[in-house]
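Each chain is listed here by its residues.
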Amino acid sequence: MSLYDNAVLALKEYEDQEELRQAYLDHLAEHPDGMWKACQDGHITASALVIDPSRGRVLLTLHKKLRMWLQMGGHCEPGDATLAAAALREATEESGVGGLTLLPGGPVRLDRHPIPPPCHCHFDVQYAVLAPPDAVHEVSDESLDVRWFAYDEVPEVADESVVRLLEATRARLRTRKG
């Protein structure tokens, strides 16, 4: 299965944000190259919130270009077999943390946002990954800093998209336990 086909399948199986989900599917139907950065009308990206539920914290990156605290993530690459694999790869590369595991259940949220030219839009498919208890992070070339934040600190440092991703991730964790 191609990455494009996997993205379509992952989006069809995602059961939330119906209108936005359909906009992602419509975009892919109209743009066979919609998985790649070269698609200037916008493209799919994959991100992941690195979470340590045992300590009630998340690992965020201070993005070098945007100068904002965000979850880890970025563009899909030809070697990515699935969107989930792309999100896990990005989280590992940007955090330096080994042993991350995807939170089961597929994407946690979708977030479409404008980006500076030459492209116009990121259609971000957001996952969550669980950090091992002994996680040690490193600052990557794409970051100014990487830091752990307690759940209640996130609204003070990050924008609403990250706060919504954290809330959705915590809700997924609660349903998994219950």
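Details of the structure are given in the entry above.
Keep in mind the model is a prediction, meaning the values are calculated, not measured. (Residues numbered from 1 in each chain as written. Predicted model: local features only at pLDDT ≥ 70, side-chain atom pairs only at ≥ 80, totals over all residues. Heavy atoms only, no water.)

### Observations concerning the pattern of salt bridges
For side chains of opposite charge, pairing can occur when their charged atoms come near one another.
Part 1 of the argument: According to the stated counting rule, one finds 8 salt bridges in the structure shown.
Part 2 of the argument: Here Glu18 makes a salt bridge to Arg21, at a shortest N to O gap of 3.0 Å. In this pair, Glu18 and Arg21 are both assigned in helix α2 (residues 18–30), 3 residues apart and thus about one turn of the helix distant.
Part 3 of the argument: Via salt bridges that share partners, Glu77, Asp80, Arg89, Glu90 and Glu93 belong to a single interconnected network. (Salt bridge = Lys/Arg side-chain N within 4 Å of Asp/Glu carboxyl O. Helix = DSSP H or I, 4+ residues; strand = E, 2+ residues; numbered from the N terminus.)

### Let's talk about the environment of Lys64
Part 1 of the argument: By the secondary structure assignment, Lys64 is in the loop between β2 (57–63) and β3 (69–70).
Part 2 of the argument: Residues Lys64 and Ser140, 76 residues apart in the sequence, show an inter-C-alpha distance of 9.7 Å.
Part 3 of the argument: A polar side-chain atom of Lys64 sits 2.7 Å from the main-chain carbonyl oxygen of Asp141. (Polar contact = N/O pair within 3.5 Å; in protein donor to acceptor, adjacent residues only side chain to side chain.)

### As for helix α5 (residues 160–177)
Part 1 of the argument: Compared with the 26 Å implied by 1.5 Å per residue over 18 residues, the 26 Å span of α5 between its first and last C-alpha is a close match.
Part 2 of the argument: Here α5 has its buried residues at Ser161, Val162, Val163, Leu165, Leu166, Thr169, Arg172 and Leu173.
Part 3 of the argument: On the buried face of α5, the contacting elements are β1 (43–52), β2, β3, β6 (109–114), β7 (121–130) and α4 (154–157). (Expected span 1.5 Å × (residues − 1). Buried < 20%, exposed > 50% of the residue type's maximum accessible area, 1.4 Å probe, protein only. Contact = heavy atoms within 4.5 Å.)

### A few points about the packing of helix α1 (residues 3–13) against α2
Part 1 of the argument: Closest axis-to-axis distance for the α1/α2 pair is 10 Å, and the angle between their directions is 155°. Considered as vectors, α1 and α2 are oriented roughly antiparallel to each other. Like other packed secondary-structure pairs, α1 and α2 cross with a definite hand, here left-handed. On α2, the residues that touch Tyr4, Ala7, Val8, Leu11 and Lys12 of α1 are Arg21, Tyr24, Leu25, Leu28 and Ala29.
Part 2 of the argument: Grouping the amino acids of the contact of α1 with α2 by side-chain chemistry returns 8 nonpolar, no polar and 2 charged. (Axes fitted to C-alpha atoms, helices over the stretch in contact; angles between N-to-C directions. Parallel < 35°, antiparallel > 145°, perpendicular 65-115°, else oblique. Left-handed = near helix turned anticlockwise from the far one by under 90°. Nonpolar A, V, L, I, M, F, W, Y, C, P; charged D, E, K, R; others polar.)

### Thoughts on the pairing of β6
Part 1 of the argument: One ladder, built from 6 bridges, connects β6 with β7; its direction is antiparallel. Looking across to β7, one finds that Asp111 is bridged to Asp124.
Part 2 of the argument: Hairpin connection between β6 and β7: a loop of 6 residues separates the two successive antiparallel strands. (Pairing = 2+ DSSP bridges.)

### Side note on a negative patch on the surface
Part 1 of the argument: A cluster of acidic residues, Asp26, Glu30, Asp33 and Asp41, forms a negative patch at the surface.
Part 2 of the argument: With respect to the helices and strands, Glu30 occurs in helix α2. (Patch = residues over 30% accessible without salt bridge, like charges linked within 9 Å, V, L, I, M, F, W, Y side chains within 5 Å. Areas by Shrake-Rupley, 256 points an atom, 1.4 Å probe, with all protein chains shown as cover. Lys, Arg positive; Asp, Glu negative; His and termini not counted. Charge placed at Lys NZ, Arg CZ, Asp CG, Glu CD.)

### A word on unusual backbone geometry
Glycine aside, the phi torsion of most residues is negative, and most peptide linkages are trans.
Part 1 of the argument: One non-glycine residue, Gln17, lies in positive phi territory at about 50°.
Part 2 of the argument: Summarising the element assignment, Gln17 is placed in the loop between α1 and α2.
Part 3 of the argument: What makes Gln17 buried here is its relative accessible area of 17%.
Part 4 of the argument: Residue Arg67 is not a glycine yet carries a positive backbone phi of 55°.
Part 5 of the argument: Here Arg67 is to be found in the loop between β2 and β3.

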